[in-house]
Amino acid sequence: MAAPPLGLACRVAGVFTSPAVAHSGSRPRGLLPRLLPSKRWSGVVRMGAVVGGGQEGEEDEELRQTKEQAAARRRWETLIREQKIKTLTPREAGYTFKLTDKALLDVRPSNERQKAWVKGSTWIPIFDVDTSVDLGGLSKKVSNFVMGGWWSGSSTLSFNKNFVQQVEEKFSKDTDIILVCQKGLRSLAACEQLYNAGFENLFWVQGGLEAVEEEDFEREGSQPFKLAAIGGVSEFFGWTDQQRRQAAKEGLGYRLVFTGRLVGALVLVDALFLGVQRIGPLLQELQSR
């Protein structure tokens, strides 16, 4: 089976939520249509972290991405259907990791990992935060920020070309490895990479860490698993879907924190506006003298 094109590999870092997948050999119902981009995250997967390839027109690029994503969907469907990659729910993965000697491989980027991680897990990112400072890298960062990074806190990511090599240095190819990311898509891409490299016992956590409950894994880090990928203005004011669900559990106290932030921001904006109104006439008076 051919490895996924690197251009596609660098776009699978988007949002993914997987429904339940049975352990039987039958085709997992409802899973695969979610692997293709939806309106919700089509903008996120075009982060610009494309490895290789030349400049193409926008329409040609859209068509190429669609073809690559469709091809990936078919490959992943085959791997799961034929049980070459085995599927675990988050709760099953938690029990398995606690009660067996299977390794847990976290493939998330560093900005998600540093907020929350499973105690005892191994971290090797398949994508990580792009730290390049050349003109191309800076251009991608600016584009990502303007296109929504300021709101969501999403970072520009780049594909880890040494991912398979780093895993090979850590684990033998007959090791039982549970792969997990934040939402499930990047870990599935990582499973394919490792399967193609000869790893025999791979387990994919459907839905990723965002689908786990806190009791499923022993957590380290400052944030709940579900909140590890959020950021930006939306996180500051508590306007993400994840925070709304968290608020429903935590109650009034949790909501008041973000209400206070919003009120404080409005007061600050109002003060700045009044200040500008007062400074304007003063400047005009000084100029007229």
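Remember, it's a predicted structure, so these values are computed and weren't measured experimentally.

**What about the overall build of the chain?**
Argument step 1. Secondary structure assignment for the chain yields 11 helices and 9 strands.
Argument step 2. A buried classification covers 42% of the 289 residues belonging to the chain.
Argument step 3. For the chain, the share of sequence-separated contacts (at least 6 apart) that also reach a separation of at least 24 residues comes to 71%.

**A word on the pairing of strand E7 (residues 176-180)**
Argument step 1. Burial runs high along E7: 4 of the 5 residues are buried.
Argument step 2. In this structure, strand E2 (residues 103-106) lies alongside E7, joined through 4 bridges in parallel fashion. Of the residues in E7, the one forming a bridge with Leu105 is Leu179.
Argument step 3. Where E7 and strand E8 (residues 201-205) come together, 4 bridges link them in parallel fashion.

**Things to note about the packing of aromatic side chains**
Aromatic ring pairs are described here by two measures, namely the spacing of the ring centres and the angle between the planes.
Argument step 1. This structure, assessed with the given rule, holds 1 aromatic pair.
Argument step 2. The cationic tip of Lys86 hangs over the ring face of Phe203; the distance from NZ or CZ to the ring centre is 5.8 Å.

**Comments concerning the packing of helix H7 (residues 163-170) against helix H8 (residues 185-196)**
To describe two helices that pack against each other, one gives the angle between their axes and the distance between the axes.
Argument step 1. Their axes nearest at 10 Å, the elements H7 and H8 cross at an angle of 70 degrees. Judged on the interaxial angle alone, H8 and H7 are roughly perpendicular. Remark: the crossing between H7 and H8 carries right-handed chirality. Residues Phe163, Val164 and Val167 of H7 pack against Ala190, Gln193 and Leu194 of H8.
Argument step 2. The residue makeup of the contact of H7 with H8, split by class, is 5 nonpolar, 1 polar and no charged.

**Looking at the sheet that holds strand E4 (residues 122-123)**
Argument step 1. Ordered by their spatial adjacency, 5 strands build an open sheet running E1-E8-E7-E2-E4, and the pairing between neighbours is parallel. The sheet is open, and its two borders are formed by strand E1 (85-88) and E4, each paired with just one other strand.
Argument step 2. Summarising the sheet, E1 and E8 pair through 4 bridges and their orientation is parallel. Across the sheet, the residue bridging to Leu88 is Val205, located in E8.

**Some details on the side chain of Ser121**
Argument step 1. With respect to the helices and strands, Ser121 occurs in the loop between strand E3 (117-118) and E4.
Argument step 2. Ser121 gets classed as buried once you look at its relative accessible area, which sits at 13%.
Argument step 3. Here Arg113 takes part through its side chain, which lies 2.8 Å from a polar atom of the side chain of Ser121.
Argument step 4. A polar side-chain atom of Ser121 sits 2.7 Å from the main-chain carbonyl oxygen of Val118.
Argument step 5. Other than its neighbours up to four places away in sequence, Ser121 contacts Phe97, Leu104, Asp106 and Arg113.

**Some thoughts on the environment of Ala72**
Argument step 1. With respect to the helices, strands and loops of the structure, Ala72 is situated in helix H3 (residues 58-81).
Argument step 2. Separated by 117 residues in the primary sequence, Ala72 and Ala189 place their C-alpha atoms 8.6 Å from one another.

**So, the environment of Asn196**
Argument step 1. Among the structural elements, Asn196 can be located in helix H8.
Argument step 2. The class for Asn196 is partly exposed, based on a relative accessible area of 28%.
Argument step 3. The sequence separation of Asn196 and Val164 amounts to 32 residues, and the corresponding C-alpha distance is 9.7 Å.

**Topic: the nonpolar core**
Argument step 1. Counting residues in hydrophobic clusters, the biggest one holds 29 residues, and the most contacted among them are Leu105, Phe163, Val167, Leu179 and Leu194.
Argument step 2. Of all the secondary-structure elements, those providing two or more residues to this core are H3, E2, strand E6 (157-159), H7, E7, H8 and E8.
Argument step 3. The element best represented in this core is H8, accounting for 6 residues.
Argument step 4. Leu104, Ile178, Val212 and Ala228 belong to the second-largest nonpolar core, a separate cluster that totals 15 residues.

**Structural notes on unusual backbone geometry**
Argument step 1. A positive phi is found at Gln83, a non-glycine position, where the angle reads about 60 degrees.
Argument step 2. For Gln83, the position within the fold is in the loop between H3 and E1.
Argument step 3. Accessibility expressed as a relative area gives 25% for Gln83, which makes it partly exposed.

Definitions and limits used
Residues numbered from 1 in each chain as written. Predicted model: local features only at pLDDT ≥ 70, side-chain atom pairs only at ≥ 80, totals over all residues. Heavy atoms only, no water. Helix = DSSP H or I, 4+ residues; strand = E, 2+ residues; numbered from the N terminus. Buried < 20%, exposed > 50% of the residue type's maximum accessible area, 1.4 Å probe, protein only. Contact = heavy atoms within 4.5 Å. Pairing = 2+ DSSP bridges. Phe/Tyr/Trp six-rings, centres within 6.5 Å; stacked < 30°, edge-to-face > 60°. Lys NZ or Arg CZ within 6 Å of the ring centre and 35° of its normal. Axes fitted to C-alpha atoms, helices over the stretch in contact; angles between N-to-C directions. Parallel < 35°, antiparallel > 145°, perpendicular 65-115°, else oblique. Left-handed = near helix turned anticlockwise from the far one by under 90°. Nonpolar A, V, L, I, M, F, W, Y, C, P; charged D, E, K, R; others polar. Polar contact = N/O pair within 3.5 Å; in protein donor to acceptor, adjacent residues only side chain to side chain. Core = buried A, V, L, I, M, F, W, Y, C linked by side-chain atoms within 4.5 Å.

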